[in-house]
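Read off the chains here:
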Amino acid sequence: MKVFGLIGFPLSHSFSQKYFAKKFVTEGIQDTTYENFEIKHIDDLPALLESYPDLFGLNVTIPYKEEVKKYIDDLDYSARKVGDVNVIKVLPDRSLVGYNSDYYGFRTSLESWLGGKTASFNALVLGTGGASKAVKVVLEDCNINYRTVSRDGKKGDFTYFELIEDPDIVRDHTLIINTTPLGMYPHVNEAPQLPYDQLNDGYYLYDLIYNPEETLFLEKGKENGAIIKNGLEMLILQAEKSWEIWNQ
Ligand SMILES: NC(=O)c1ccc[n+]([C@@H]2O[C@H](COP(=O)([O-])OP(=O)(O)OC[C@H]3O[C@@H](n4cnc5c(N)ncnc54)[C@H](OP(=O)(O)O)[C@@H]3O)[C@@H](O)[C@H]2O)c1
């Protein structure tokens, strides 16, 4: 039996296990299982690897995406640039290679959504947390200039207050990416504070949130004519990238 799984803590609402269980059934993938490994400390990883000699790959989630790097032997480009590991491939000699599949998931979905026009955008990235790291590296690699927006003037280039006060900022940035958890179920009535009435059909709004399908951020953008996209495709692409990494 080939074993794959997810490490993190806590793991009560994991998307990955459900996703892979369904994939194995629908694609007739046999003798393969995907387990949740809720480990209390990252230093439990070596013992986990020892007790599962047929473990071929892991996903990594909060709070271990950075800490896990001390056990990784080699980092692929994505993990090195982003600074977080969310996929581990266990090689036949049991050494570990770290990847960041959010980088690949976001990049593929962004490029197909924007078509060949990526270089014509300036972007605003809302939020400066974990998810924003992969987004920023992808924007750099796609030659999209970006500025960050934070509640804290010291963490980002702009605050939300400055966006409301100075209409030039939003006018100059027609790609707006929400990497905050604002609007995520069950807090569906929340949205980042933006001058939404300034938006029009020249704007592209991407929300990393996938539940609900249309957050208030996207809804307000759409009302003003903006083109919108949620995080579902990124989520599926990053899961499929894990599978590709483990099986290549
Ligand atoms: N689609 C996908 O595949 C995918 C992948 C990864 C993550 N996500 C989604 O992306 C979202 C963010 O994930 P994360 O792990 O980066 O979350 P996080 O670390 O909790 O938050 C990200 C950032 O959002 C800002 N923020 C947090 N609470 C806020 C509030 N009440 N008001 C305004 N800003 C707030 C903060 O930045 P400042 O302190 O600078 O304001 C924070 O650093 C989640 O909804 C997650 O589900 C989706």
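Residues numbered from 1 in each chain as written. Predicted model: local features only at pLDDT ≥ 70, side-chain atom pairs only at ≥ 80, totals over all residues. Heavy atoms only, no water.

A.B. asks: It is not clear to me how the pairing of strand β1 (residues 2-8) should be interpreted in this structure. Could you clarify?
C.D. replies: Moving residue by residue along a regular strand, the side chains alternate between the two faces of the sheet. Burial runs high along β1: 6 of the 7 residues are buried. Note: β1 against strand β2 (residues 32-38), 7 bridges, orientation parallel. Paired with V3 across the bridge in β2 is T33. Each parallel crossover has a hand, and the one from β1 via helix α1 (residues 15-26) to β2 is right-handed. Pairing analysis gives 5 bridges linking β1 to strand β3 (residues 55-60), with the strands arranged parallel. Counted as the bridge partner of V3 is L55 from β3. (Buried < 20%, exposed > 50% of the residue type's maximum accessible area, 1.4 Å probe, protein only. Helix = DSSP H or I, 4+ residues; strand = E, 2+ residues; numbered from the N terminus. Pairing = 2+ DSSP bridges. Right-handed = clockwise from strand over helix to strand, strands pointing away.)

A.B. asks: Help me understand helix α9 (residues 232-247) in this model?
C.D. replies: Every α-helix winds through 3.6 residues per turn, so residues three or four apart in the chain are directed the same way. Between its first and last C-alpha atoms α9 spans 23 Å; for 16 residues at 1.5 Å apiece the expected length is 22 Å, and the two agree. When we look at burial in α9, the residues that qualify are M234, L235, Q238, A239, K241, S242, W243, I245 and W246. (Expected span 1.5 Å × (residues − 1).)

A.B. asks: Sorry, what's going on with the site of the ligand here?
C.D. replies: Around the ligand, the structure places 20 residues, and the nearest of them are T128, A131, S150, K155 and L208. Interatomic distance of 2.5 Å between a side-chain N/O atom of T128 and an oxygen atom of the ligand. In this structure, an oxygen atom belonging to the ligand sits 2.7 Å away from a side-chain N or O atom of K155. For the shell around the ligand, the secondary-structure elements that each account for two or more residues are α5 (130-141) and α9. (Near = heavy atom within 4 Å. Polar contact = N/O pair within 3.5 Å; in protein donor to acceptor, adjacent residues only side chain to side chain.)

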